[in-house]
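Analysis of the macromolecular model
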Amino acid sequence: MSRIGKLPVAIPAGVEVKLDEGNVLTVKGPKGSLTKTFSTDMTITVEGNQIVVTRPNDLKKFKSLHGLTRTLIHNMVVGVTEGYKKVLEINGVGYRAAKSGKKLTLTLGYSHPVEMTDPEGITTVLEGTNKITVEGIDKEKVGQYAAEIRTKRPPEPYKGKGIKYDYEYIRRKVGKAGK
């Protein structure tokens, strides 16, 4: 039995869950609404104030889908109640970020500023000029957009310049040895 898959997902107060034909799950909460289609192999049931996911048998395919389905449902419930956020830090002389409307402008030492537009359902908040907070209700979209911002100038190991997550540690390397 899947240790994660067998755990029921609790539905907190103020969250409305609707299960449609073909395993289409809609979760509505105070922060918004999320809809996702799950595999029809999994049996999803709403029992009282919890969601239970069961699998038909113990084939490897179903075992892996069991835990995944339950985790995705849990992420939807957490997303519409609390939301998700990732914090990015910009390090380097002259490296900074600016925000105007839905457009994020990054100055990262290139000959031109890098402009990015916030995707639907995702907001970016600036703290100063070197801290970017990516917020939203869909965990996958928040993580993807934060990763896209980071790829514009990943941190380098010699001076530590670049964009990194706030929890990330950059292992520093020693440069060339002088005479």
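Provided above is the structure to which this section pertains.
Parameters and conventions
Residues numbered from 1 in each chain as written. Predicted model: local features only at pLDDT ≥ 70, side-chain atom pairs only at ≥ 80, totals over all residues. Heavy atoms only, no water. Helix = DSSP H or I, 4+ residues; strand = E, 2+ residues; numbered from the N terminus. Rg over C-alpha atoms; globule rule 2.2 N^0.38 Å. Buried < 20%, exposed > 50% of the residue type's maximum accessible area, 1.4 Å probe, protein only. Contact = heavy atoms within 4.5 Å. Areas by Shrake-Rupley, 256 points an atom, 1.4 Å probe, with all protein chains shown as cover. Lys, Arg positive; Asp, Glu negative; His and termini not counted. Charge placed at Lys NZ, Arg CZ, Asp CG, Glu CD. Pairing = 2+ DSSP bridges. Axes fitted to C-alpha atoms, helices over the stretch in contact; angles between N-to-C directions. Salt bridge = Lys/Arg side-chain N within 4 Å of Asp/Glu carboxyl O.

Below, the discussion takes up the overall build of the protein. Secondary structure summary: the protein contains two helices and 13 strands in total. Computed over its C-alpha atoms, the radius of gyration of the protein comes to 21 Å, more than 25% above the 16 Å expected for a compact globule of 179 residues. Its C-alpha atoms give the protein principal-axis dimensions of about 70 × 40 × 25 Å. For the protein, the proportion of its 179 residues judged to be buried stands at 36%. Of all intrachain contacts in the protein linking residues separated by at least 6 positions in sequence, the fraction that spans at least 24 positions is 50%. Summed over its atoms, the accessible surface of the protein is roughly 10900 Å², and 52% of this surface lies on carbon and sulfur atoms. The averaged location of the 19 negative side-chain charges in the protein is 10 Å from the averaged location of its 31 positive side-chain charges.

A separate point is the sheet that holds strand S10 (residues 114–117). Pairing is antiparallel across the open sheet formed by three strands, whose spatial order is S8-S9-S10. Two strands in the sheet have a free side with no partner beyond their single neighbour: strand S8 (96–100) and S10. If you compare each strand with its neighbour and ignore which way they point, the axes differ by 20° on average. Pairing of S8 with strand S9 (residues 103–107) involves five bridges; the strand directions are antiparallel. Bridge pairing in S9 links Ala-98 to Thr-105. Along the sheet face, helix H2 (residues 139–151) touches S9 and S10 and points at about 170° away from the line of S10.

Moving on, we come to the pattern of salt bridges. If the charged atoms of two oppositely charged side chains come close together, the side chains can form a pair. Under the criterion given, the structure shown has seven salt bridges. Between Lys-61 and Asp-41 there is a salt bridge whose closest N-O contact spans 3.4 Å. Separated by 20 residues along the polypeptide, Lys-61 in helix H1 (residues 60–81) and Asp-41 in the loop between strand S4 (32–37) and strand S5 (43–47) bring together distant segments of the chain. Relative accessible area serves as the criterion here: at 53%, Lys-61 is assigned to the exposed category. Residue Lys-103 is joined to Glu-115 by a salt bridge in which the shortest nitrogen-to-oxygen separation is 3.7 Å. In this pair, Lys-103 is assigned in strand S9 and Glu-115 in strand S10, connecting sequence segments 12 residues apart.

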